[in-house]
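Now for the letters of each chain:
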Amino acid sequence: MLSKGNIKFSIRTVSTTLIQVPYYRDSMFDHERRQSAMNGDKDAQYDLAQAYFKGEGVEQSASEAVKWYTLAAHQGHTDAQLHLGWMYYYGQGVEQSMKEAVRWFIPVAEKGDETIQYNLGLIYEYGDDGVEQDCKEAARWYAMAAKQGFAIAQYNLGWMFRTGKGVDQCDAIGLAYIRKAAEGGYADAQSSLGVAFYNGNGVEQSYEKAFEWFMKAAEQGLADAQCNVGLAYYKGEGVEQSYDEALKWYRKAAEEGNPYARYNIGFMYENGEGVRQSMKEAAKWYILAANEGYPMAQYNLGWMYREGNGVEQSTEKSVEMFKAAAEQGLADAQYIYGIILYNGDGVEQSYDDAIQIMLSAAEQGHQGAIETLAQLGVIKLGSIDDESE
């Protein structure tokens, strides 16, 4: 039997959520104001649009709001341009159009609105209906917002530099932006900076500093960081080792649905680390993580179902779990599922499929798969190792 899984290190990537900030002001609408709007006063036009949008003094009408926002926006009224952009973004009172939303966001961003600058960066980074992906343009808008200290833009721009997306790749610049975002209190950046210190990637390796940054993010409720704090306590890296503290932080992350934390709790129960050993409890947590598609949990469940350990024995469910983990590229699972296919153990026998999936494991350096394939005469022992070198 292969050894079961190890504790998983959770890593966060980039923010991909548009930000909408409050942009309303109280509407000042009366008959005289309406006449001013009809005579072309842009402030009055905006107020009338607000009245229609909120249904204050008039029957609520999104389409009428769009009409008056448009008139004011064409005259350069910033709030009207912003509001009109969101109307097109959500399709309120007008046919939804990302292209039109961007058209009206741009003049607002050019006047220095850092939130809209960030949003434009996000739209261009990934592209959207009617707006082609343009990473160079995304980086330009992120940079404008980052220059104003907008932490999420600094963070996303940092990842663009680290990955060479829309800019010349540069780890040092990327990490500098991520650090700025972290120092500005952005939890995802704090967690990413923790990962950098943990791995010594672009900074001098330090478990202590990694733990410090993970904790800052964890205290803000970031589940990945909470999981990483748990890992630090579990291993005693950068902090005094404590299974109790590890379990405490894993549970916080697990409550937020973090599959890595759920897997880690299951692992601790399986091995009786800081808790009374309970295969039933381990299986419960593995199932939660497996349902989120975490391959290590699926793999461990495969063994538990196969052996009836903590769960009712089921060859069918065992095969299902091994297959799910194998399809995600987990070498251990690929090897075991390959053996299952080769032997026709609970599935229809298929030599060809067995060989193919064991080759996938072998290409990842899985020694069991390499030796098995060599015994079957599919490869020469050492050939895959030579290719990988």
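Residues numbered from 1 in each chain as written. Predicted model: local features only at pLDDT ≥ 70, side-chain atom pairs only at ≥ 80, totals over all residues. Heavy atoms only, no water.

Draft legend 1. Structural detail: helix α11 (residues 207–218). The terminal C-alpha atoms of α11, which comprises 12 residues, lie 16 Å apart, in line with the 16 Å expected from a rise of 1.5 Å per residue. Among the residues making up α11, those that are buried are Ala-210, Phe-211, Trp-213, Phe-214, Met-215, Ala-217 and Ala-218. Residues of α11 that are buried sit in contact with α9 (171–183), α10 (187–199), α12 (223–235) and α13 (243–255). (Helix = DSSP H or I, 4+ residues; strand = E, 2+ residues; numbered from the N terminus. Expected span 1.5 Å × (residues − 1). Buried < 20%, exposed > 50% of the residue type's maximum accessible area, 1.4 Å probe, protein only. Contact = heavy atoms within 4.5 Å.)

Draft legend 2. Here's a closer look at α12. For α12, with 13 residues, the first-to-last C-alpha span of 18 Å sits near the 18 Å given by 1.5 Å per residue. A large share of α12 lies buried, amounting to 12 of its 13 residues. Within the sequence span of α12, burial applies to Ala-223, Asp-224, Ala-225, Gln-226, Cys-227, Asn-228, Val-229, Gly-230, Leu-231, Ala-232, Tyr-233 and Tyr-234. Structurally, α12 contributes buried residues whose contacts are with α10, α11, α13 and α14 (259–271). Of the residues trailing α12, Gly-236 is marked for its positive phi of about 70°.

Draft legend 3. Structural view of the packing of helix α15 (residues 279–291) against helix α16 (residues 295–307). Orientation of α15 relative to α16, taken along the N-to-C sense of each, is 135°, at an axis distance of 9 Å. Regarding the angle of α15 to α16, the classification is oblique. Once α15 is placed against α16, the crossing between them reads as left-handed. In this structure, α15 uses Met-279, Ala-282, Ala-283, Tyr-286, Ile-287, Ala-289 and Ala-290 to contact α16, whose residues at the interface are Ala-297, Gln-298, Asn-300, Leu-301, Met-304 and Tyr-305. Per-class residue counts for the contact of α15 with α16 are 11 nonpolar, two polar and no charged. (Axes fitted to C-alpha atoms, helices over the stretch in contact; angles between N-to-C directions. Parallel < 35°, antiparallel > 145°, perpendicular 65-115°, else oblique. Left-handed = near helix turned anticlockwise from the far one by under 90°. Nonpolar A, V, L, I, M, F, W, Y, C, P; charged D, E, K, R; others polar.)

Draft legend 4. How the structure looks around the packing of aromatic side chains. For the coordinates displayed, the defined rule picks out 20 aromatic pairs. Ring plane angle 40° and centroid distance 6.2 Å describe the contact between Tyr-263 and Phe-267, whose orientation is recorded as tilted. Pair noted here: Tyr-263 and Phe-267 are both in helix α14, with a separation of four residues, about one helical turn. Relative accessible area serves as the criterion here: at 9%, Phe-267 is assigned to the buried category. (Phe/Tyr/Trp six-rings, centres within 6.5 Å; stacked < 30°, edge-to-face > 60°.)

Draft legend 5. How the structure looks around the pattern of salt bridges. Throughout the structure, instances matching the rule amount to eight salt bridges. Here Glu-137 makes a salt bridge to Arg-140, at a shortest N to O gap of 2.7 Å. Here the residue Glu-137 and the residue Arg-140 both occupy positions in helix α7 (residues 135–147), the gap between them amounting to three residues, near one helical turn. With its nearest N and O atoms 2.4 Å apart, the salt bridge here joins Asp-345 to Arg-306. Of this pair, Asp-345 sits in the loop between α18 (331–343) and α19 (351–363) while Arg-306 sits in helix α16, and the two are 39 residues apart along the sequence. Overall, Asp-345 belongs to the partly exposed group, its relative accessible area being 28%. (Salt bridge = Lys/Arg side-chain N within 4 Å of Asp/Glu carboxyl O.)

None of the figures reported here should be taken as evidence of function without further support.
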